[in-house]
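# Coordinate inspection notes
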Amino acid sequence: MSGNHHHHEHSGDNLVKAARHALVDAGEQWTEMRADVFSALAERERPASAYDLAENVSALRGKRVAPNSVYRILDLFVRTNLARRVESANAYVANSHPGCQHDCIFLICDSCGQAVHIDDDKLTGALIAAAKGAGFTEVRPVVELRGICADCS
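An account of the accompanying structure is given in this report. (Residues numbered from 1 in each chain as written. Predicted model: local features only at pLDDT ≥ 70, side-chain atom pairs only at ≥ 80, totals over all residues. Heavy atoms only, no water.)

Counting its secondary structure elements, the chain contains five helices and five strands. Going from N to C terminus, the chain has its helices and strands arranged as α-α-α-α-β-β-β-β-α-β. Long-range pairs, those at least 24 residues apart, make up 52% of the contacts in the chain between residues at least 6 apart in sequence. If you sum the accessible surface of the chain, you get close to 8,900 Å²; carbon and sulfur atoms cover 49% of it. (Helix = DSSP H or I, 4+ residues; strand = E, 2+ residues; numbered from the N terminus. Contact = heavy atoms within 4.5 Å. Areas by Shrake-Rupley, 256 points an atom, 1.4 Å probe, with all protein chains shown as cover.)

Now the structure itself:
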């Protein structure tokens, strides 16, 4: 039996629509600023920092957007599963399947910075079980593997 998690991947306008629905279903508002930040994040092929996104949104809006405002929105996106934080890069990626709850494993290229996520519920489930066995509760695995991607090797 496979430990992989299956879900529907979204991209482009469908990803933005799925994110909007997931955020509203979570009881939050989909504001213009949140839409701009999500769109800027979703357009990125690599993890982006709040500063990168603030620059993009500032250019789009024609006025300066503070990185702190973007951080607050990104925190909301992570809490509602619209985005994932790549801890080792202090950056974020759009979740291509918003509303789908599971833990991702990131593969990060040390050469080009690309971050690919894979799903393996069997592996993350084993990590959760080990943590619970050690007395931890509300466990959220953060798994990142660094190496060189196929394109760079």
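A rise of 1.5 Å per residue sets the reference length of helix α5 (residues 121-133), with its 13 residues, at 18 Å; its end C-alpha atoms lie 18 Å apart and thus fit the reference within 8%. When we look at burial in α5, the residues that qualify are T124, I128 and A131. The buried residues of α5 occupy an angular sector of 65° when projected down its axis, which confines them to one face. Turned more than 90 degrees away from the buried face of α5, the exposed residues are K122, A130 and G133. Of the surrounding secondary structure, the elements contacted by the buried residues of α5 are β3 (104-109). At the exit of α5 stands G135, carrying a positive phi of roughly 95°. (Expected span 1.5 Å × (residues − 1). Buried < 20%, exposed > 50% of the residue type's maximum accessible area, 1.4 Å probe, protein only. Arc of directions from axis to C-beta.)

This part is about the sheet that holds β3. The strand order across the open sheet built from three strands is β4-β3-β5, with neighbouring strands paired in mixed fashion. Single-partner strands in this sheet number two, and they are β4 (115-119) and β5 (143-147). Pairs of neighbouring strands in the sheet enclose a mean axial angle of 25°, with direction left out of account. (Pairing = 2+ DSSP bridges. Axes fitted to C-alpha atoms, helices over the stretch in contact; angles between N-to-C directions.)

What follows concerns the packing of helix α2 (residues 32-42) against helix α3 (residues 50-61). Geometrically, a packed helix pair is captured by the angle between its two axes and the distance between the axes. At a closest axis distance of 9 Å, the pairing of α2 and α3 adopts a crossing angle of 120°. Judged on the interaxial angle alone, α3 and α2 are oblique. Of the two elements, α2 crosses α3, and the hand of that crossing is right-handed. From α2, E32, M33, D36, V37, A40 and L41 reach across to α3, where they touch L53, N56, V57, L60 and R61. Considering only residue class, the contact of α2 with α3 consists of seven nonpolar, one polar and three charged. (Parallel < 35°, antiparallel > 145°, perpendicular 65-115°, else oblique. Left-handed = near helix turned anticlockwise from the far one by under 90°. Nonpolar A, V, L, I, M, F, W, Y, C, P; charged D, E, K, R; others polar.)

Per the counting criterion, the structure on display carries three aromatic pairs. For the ring pair F38 and F77, a centre distance of 5.7 Å and an interplane angle of 80° mean the geometry is edge-to-face. One end of the pair, F38, is in helix α2; the other, F77, is in helix α4 (residues 67-79), and 39 residues separate them in sequence. Overall, the relative accessible area of 0% leaves F38 in the buried class. Every member of this aromatic cluster is reached through a ring pair, and the members are W30, F38 and F77. (Phe/Tyr/Trp six-rings, centres within 6.5 Å; stacked < 30°, edge-to-face > 60°.)

For the rest of this paragraph, the subject is the environment of T31. With respect to the helices and strands, T31 occurs in the loop between α1 (12-25) and α2. When the C-alpha atoms of T31 and R20 are compared, they prove to be 9.3 Å apart, with eleven residues separating the residues in sequence. From its side chain, T31 meets the backbone nitrogen of R34 in a polar contact 3.1 Å long. (Polar contact = N/O pair within 3.5 Å; in protein donor to acceptor, adjacent residues only side chain to side chain.)

Now for the nonpolar core. Of all hydrophobic cores here, the largest spans 25 residues; its most connected members are V70, L74, F77 and L82. Elements with a contribution of two residues or more to this core: α1, α2, α3 and α4. Ranked by the residues each element gives to this core, the list is headed by α2, at six residues. Sequence-distant contacts of F77, defined by excluding residues within four places in its chain, comprise L23, R34, V37, F38, L82 and A83. In terms of nonpolar packing, the next biggest core, distinct from the first, is built from six residues, V86, F106, I108 and A115 among them. (Core = buried A, V, L, I, M, F, W, Y, C linked by side-chain atoms within 4.5 Å.)

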